[in-house]
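Results of the structural survey
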Amino acid sequence: MPPTQAESVIKNIIREIRQECAAHGEIVSETLVAFMVKAVVLDPSNGFNTDRTLIKSDVQKLVKLCVARLLDSKNPSLDTIKMQVYFDMNYTRREEFLEEHHRVVESRLGSVTREITDSRACIREELESLYRKIVSYLLLRSGLGSPTDIKVVREATAALQSVFPQAELGTFLTLSEKDKERQLKELTMIVTGIRLFNRDCGKGGEGIDDLPAILQEAIPATTQHIDSQLQVVQDQAYRYTAILEKVVKNPLLSQELQPYMLKEALYNLRQYEIFLQIILSDIITCAQEVEMMIKQLGAQLEQLKMTVKSKTAVPTSQVFPIFIALSNLWTSFQDETVLISVLSNLTTHLEPFLGAHELFFPEKVMQDLLDRVAVKTDVCRIKEHMEDRVNPADFRNLEWLFPETTANFDKLLIQYRGFCGYTIAATDGLLLPGNPAIGILKYKEKYYTFNTRDAAYSFAENPENYIDSITEKAKKNAELIQLLELHQQFETLIPYSQMKEVGKHYIKPITMCESSTQTDTHLLPPTIVRSYEWNEWELRRKAIKLANLRQKVTHSVQTNLSHMRRENCSQVYPSKTASTQSLREGSSQVPRPQIYIAGLRGGQTKTTYGVKVNLTRGVDET
């Protein structure tokens, strides 16, 4: 059947099923019906052959089976599928949600933006109207108060006039459309920063909610609610697991427990638990972001106070960047507020999908089923076999990973959401948490954990057999496809929210071991050409020398005495440097002459007579 014709047939089947359900008072989404159609076709017990074209009787049978399953209000399996479809259609990862939220805000502002950028105001009244529109745009974009609140409008107008007086509208109107949009966004951030600063100083902030305080109150409340929900669901799941373990040990009890659909109920609780953990993880991320942003907000406000302190005029180059940073921080607070609200609403809307438990398993029935049964938590099961580890030497062709030898051990993408693959296959679908400390089996680039050492050894003997068995089990219980993340085996049933992530987040293990390497200094023989010469003048000199040698004649003389004789050489010892030293050092000194002339100053007579006196000591006296 051509693809277009097949799509048309499927659409007709889906439409007919929705109409049948609506006739019985049950409104179902197209996505849920499409999933149910594929699930019914995959179930081998229904007898559909996917390799041949559906005939009219097959279509009628398919419609009848789908309608019967969709109208079965007392079926935990249907509740799980509805929960999965609802979560898939309403949950978005943090980055994608914020990106979509910003896109929606931009689209809502499109008409107001066009009114401003397309304006051709000339007269005074038109310019005043345009200025009011700009103020409204700033309020709508920033989300700090309503444009209909006169106090908020006055405050925003005063802040705008301080940075963009109405007299500058003429220059604004001469800009291109893109430049106008860019300036409007920049003005929004500056005005938002001014209003936030005034609010912190107690001089304004009309209509501005205290988002940091609201988030600091809302996040712990939401986290506490989810934690309590998780505790209730996990306790119930532990009780179901204990009863099913009792049935595995005593197969005769399976007939008695058949009407209770315990496994389907366990799948319902485990899926709800997984969804709550995903939401809780996002909320914890929000809490970390908010805590960091509150510190940044305080630092920015303090820096701004120090900048404008006791100054009549401050350069715009100093304060505008801080105003813009304040605006961006406040926008992030608004994003976190919206995200927390969406996650909280999603948690609330998931609760109705647990409605069948109280109906099927009242407390009296549970007490009877739990008679002489020990209820164990997941943590308790893991601790029981913490020291019971796999010996890799027992397996030649299989690789086992352990925490102390694998760097990114905690980040590996474990198959079946971390549940023990052997237990799922061997007990017809019982879910027990795997214990990574026992050892993670790496098989065909996929990773498997097990709840006991014996389970690991049994699975490792024939992995393909157990993998195929789990796939067949998922065909009978379609909710296992998403619960155990079997999307690669059932590519047609990949949820939209996870379709982009198939093959993503795949982290290979980094195995650690002690090793050493040694590198030779010279791996290859040297290739240096010693005769190479780069200087052209040296090459010229050598060429001239060779040319001259062509005209020379070499003569040699050989005598009878020197013919066939070896060369002789002699060796001498060089003389060494010697020195002598006397016992005493001596020296001699000539007396210093001391001659004086007396009578040079004159006397009683007019004539001066000099008398020469020699006071030099004799040589023998020295």
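Residues numbered from 1 in each chain as written. Predicted model: local features only at pLDDT ≥ 70, side-chain atom pairs only at ≥ 80, totals over all residues. Heavy atoms only, no water.

It is worth spelling out the packing of helix α5 (residues 94-108) against helix α14 (residues 316-350) at this point. Here α5 crosses α14 at 115 degrees, and the two axes come no closer than 11 Å. Here α5 runs over α14; the crossing is right-handed. Contact residues: α5 offers R94, F97, L98, H101 and H102, while α14 offers D335, E336, V338, L339 and V342. Grouping the amino acids of the contact of α5 with α14 by side-chain chemistry returns five nonpolar, two polar and three charged. (Axes fitted to C-alpha atoms, helices over the stretch in contact; angles between N-to-C directions. Helix = DSSP H or I, 4+ residues; strand = E, 2+ residues; numbered from the N terminus. Left-handed = near helix turned anticlockwise from the far one by under 90°. Contact = heavy atoms within 4.5 Å. Nonpolar A, V, L, I, M, F, W, Y, C, P; charged D, E, K, R; others polar.)

We now examine the sheet that holds strand β2 (residues 440-443). The antiparallel open sheet is built from three strands, whose spatial order is β1-β2-β3. The sheet terminates laterally at β1 (399-401) and β3 (446-448), the two strands that pair on one side only. Mean inter-strand twist for the sheet, computed between neighbouring axes without regard to direction, equals 35 degrees. By the bridge criterion, three bridges tie β2 to β3 in an arrangement that is antiparallel. Counted as the bridge partner of K442 is Y447 from β3. (Pairing = 2+ DSSP bridges.)

Low pLDDT marks stretches whose predicted atomic positions should not be read closely. With 89% of its residues at a pLDDT of at least 70, the chain reaches an overall mean of 84. Here residues 493-506 is a poorly scored stretch, pLDDT under 50, and it has 23 contacts once near neighbours within four places are set aside; other chains count. (pLDDT = per-residue confidence, 0-100.)

Once that is clear, we can look at the pattern of salt bridges. The final tally for this structure, using the stated rule, is 27 salt bridges. One salt bridge in this structure joins E336 and R94, with 2.3 Å as the shortest N-O distance. Taken as a pair, E336 in helix α14 and R94 in helix α5 lie far apart in primary sequence, 242 residues in all. For the pair E336 and R94, one class covers both residues: buried. Across the pair E128 and R124 runs a salt bridge whose closest N-O atoms are separated by 3.3 Å. Of this pair, E128 and R124 are both found in helix α7 (residues 124-142), four residues apart, which corresponds to roughly one turn of the helix. (Salt bridge = Lys/Arg side-chain N within 4 Å of Asp/Glu carboxyl O. Buried < 20%, exposed > 50% of the residue type's maximum accessible area, 1.4 Å probe, protein only.)

Residue position: L346 is located in helix α14. Once residues within four sequence positions are removed from consideration, L346 is found in contact with Y86, F87, N90, Y91 and I279.

A few words on the nonpolar core. Generally speaking, nonpolar side chains in soluble globular proteins are found buried as a group. Among the nonpolar cores identified, the biggest contains 115 residues, and I134, L160, F164, W400, F450 and L484 are the most heavily contacted of them. Here the element with the most residues in this core is helix α13 (residues 262-308); it accounts for 18 residues. Beyond its immediate sequence surroundings of up to four residues, L484 is in contact with Y416, R417, F419, I424, L431 and I470. (Core = buried A, V, L, I, M, F, W, Y, C linked by side-chain atoms within 4.5 Å.)

A contiguous nonpolar patch, built from Y596, V611, V613 and L615 and spanning about 360 Å² of accessible area, is present on the exposed surface. Of note, L615 is situated in the segment after β5 (611-614). The class for L615 is partly exposed, based on a relative accessible area of 45%. (Patch = residues over 30% accessible without salt bridge, like charges linked within 9 Å, V, L, I, M, F, W, Y side chains within 5 Å. Areas by Shrake-Rupley, 256 points an atom, 1.4 Å probe, with all protein chains shown as cover.)

Along its 15 residues, helix α4 (residues 76-90) runs 21 Å from first to last C-alpha, staying within 8% of the 21 Å computed at 1.5 Å per residue. With 12 of 15 residues buried, α4 lies mostly within the body of the structure. Along α4, the residues classified as buried are P76, S77, L78, D79, T80, I81, K82, M83, Q84, V85, F87 and D88. Capping the start of α4 is the job of one residue whose side-chain oxygen sits 2.9 Å from the backbone nitrogen of S77: N75. (Expected span 1.5 Å × (residues − 1). Polar contact = N/O pair within 3.5 Å; in protein donor to acceptor, adjacent residues only side chain to side chain.)

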